[in-house]
Amino acid sequence: MPAPTEAELLDFARRTAADPEVLDRLPLDPMGRTWVRLEGPGGSEAWLIGWPPGAETGWHDHGGSRGAFATALGELAEESVAVPLPTAGWQSLELTDDVDRTRRLPVGRGRAFGPYHVHQVVNASEEQHAVSVHVYYPPLPMMRRYSRSGRVLRLALVERPQEW
């Protein structure tokens, strides 16, 4: 079976985000993010994630996996670096002034990304939960978390699947 393309991952995320039966499987917590693992297409890994008001991921990458996500409820914002960054071999980078991008992702909107994508996802609402579907291929081997101060992005932590 061939690996799913980024377009196929995004199509799966959008279709799943529009499925009320899948969304009903997610318990929402007013204080923290919640998640349920799903079966993705072609051996991919998928997650249904609940975001309470103000929740965010912090800056991270996906360990070299391609991915996509789509908003099912509420609205999310994605802050990203608009240049592909290598996902290994560096501890600190100084970014240029013109690489930051913010996308608003209301219900039904989604986004696919390649293996060198560094971003953070935010539910900026102060009142409403958001729910989204995320899918990755190959399944996440790790996630690198970064701290950011101005234009400087620093590796802070490497998480393995058993840690989430």
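Scroll up for the structure.
Now for a quick tour of the structure. (Residues numbered from 1 in each chain as written. Predicted model: local features only at pLDDT ≥ 70, side-chain atom pairs only at ≥ 80, totals over all residues. Heavy atoms only, no water.)

**Concerning the overall build of the protein**
A tally of helices and strands in the protein yields 2 helices and 12 strands. The order of α-helices and β-strands along the protein, N terminus first, is α-α-β-β-β-β-β-β-β-β-β-β-β-β. Computed over C-alpha atoms, the radius of gyration of the protein comes to 15 Å, within 12% of the 15 Å expected from 2.2 N^0.38 for 164 residues, which places it in the range of a compact globule. Structurally, the protein occupies a C-alpha span of about 45 × 45 × 30 Å along its principal axes. The buried share among the 164 residues of the protein stands at 46%. Counting every atom, the protein has about 8,400 Å² of accessible surface; 51% of that belongs to carbon and sulfur. In the protein, the 17 positive side-chain charges and the 22 negative ones have mean positions that sit 5 Å from each other. (Helix = DSSP H or I, 4+ residues; strand = E, 2+ residues; numbered from the N terminus. Rg over C-alpha atoms; globule rule 2.2 N^0.38 Å. Buried < 20%, exposed > 50% of the residue type's maximum accessible area, 1.4 Å probe, protein only. Areas by Shrake-Rupley, 256 points an atom, 1.4 Å probe, with all protein chains shown as cover. Lys, Arg positive; Asp, Glu negative; His and termini not counted. Charge placed at Lys NZ, Arg CZ, Asp CG, Glu CD.)

**Some remarks on the pattern of salt bridges**
Overall, the coordinates contain 10 salt bridges when judged by the stated rule. With a shortest N-O distance of 3.4 Å, arginine 103 and glutamate 78 are connected by a salt bridge. Highlighted residues: arginine 103 in strand 7 (residues 100-106) and glutamate 78 in strand 5 (residues 75-81), separated in sequence by 25 residues. By relative accessible area, which is 31% here, arginine 103 ends up partly exposed. For glutamate 78, a relative accessible area of 0% translates into the label buried. (Salt bridge = Lys/Arg side-chain N within 4 Å of Asp/Glu carboxyl O.)

**Remarks on the nonpolar core**
Soluble globular proteins tend to bury their nonpolar side chains together. Leu38, Leu48, Val133 and Val135 are the most contacted members of the largest nonpolar core, which has 17 residues in total. Of all the secondary structure elements, the ones that give two or more residues to this core are helix 1 (6-17), strand 1 (34-39), strand 2 (45-51), strand 4 (66-73) and strand 10 (130-137). Broken down by element, this core gets its largest block of residues, 5 residues, from helix 1. Beyond its immediate sequence surroundings of up to four residues, leucine 48 is in contact with Val22, Leu23, Leu26, Thr34, Trp35, Val36, Leu38, Val131, Ser132 and Val133. One finds Trp47, Ala55, Val121 and Ala130 within the second-largest nonpolar core, a separate group that totals 13 residues. (Core = buried A, V, L, I, M, F, W, Y, C linked by side-chain atoms within 4.5 Å. Contact = heavy atoms within 4.5 Å.)

**A word on the sheet that holds strand 8 (residues 110-113)**
The 5 strands lie next to each other as 1-2-10-4-8, forming an open sheet whose pairing is antiparallel. Two strands bound the open sheet, and with one partner strand each, they are strand 1 and strand 8. The sheet shows a mean angle of 15° between the axes of neighbouring strands, taken without regard to direction. As paired elements, strand 1 and strand 2 share 6 bridges and run antiparallel to each other. Across the sheet, residue valine 36 finds its bridge partner in strand 2, namely leucine 48. Along the sheet face, helix 1 touches strand 1, strand 2, strand 4, strand 8 and strand 10 and points at about 20° away from the line of strand 4. (Pairing = 2+ DSSP bridges. Axes fitted to C-alpha atoms, helices over the stretch in contact; angles between N-to-C directions.)

Read these as layout, nothing more, since geometry by itself doesn't imply function.
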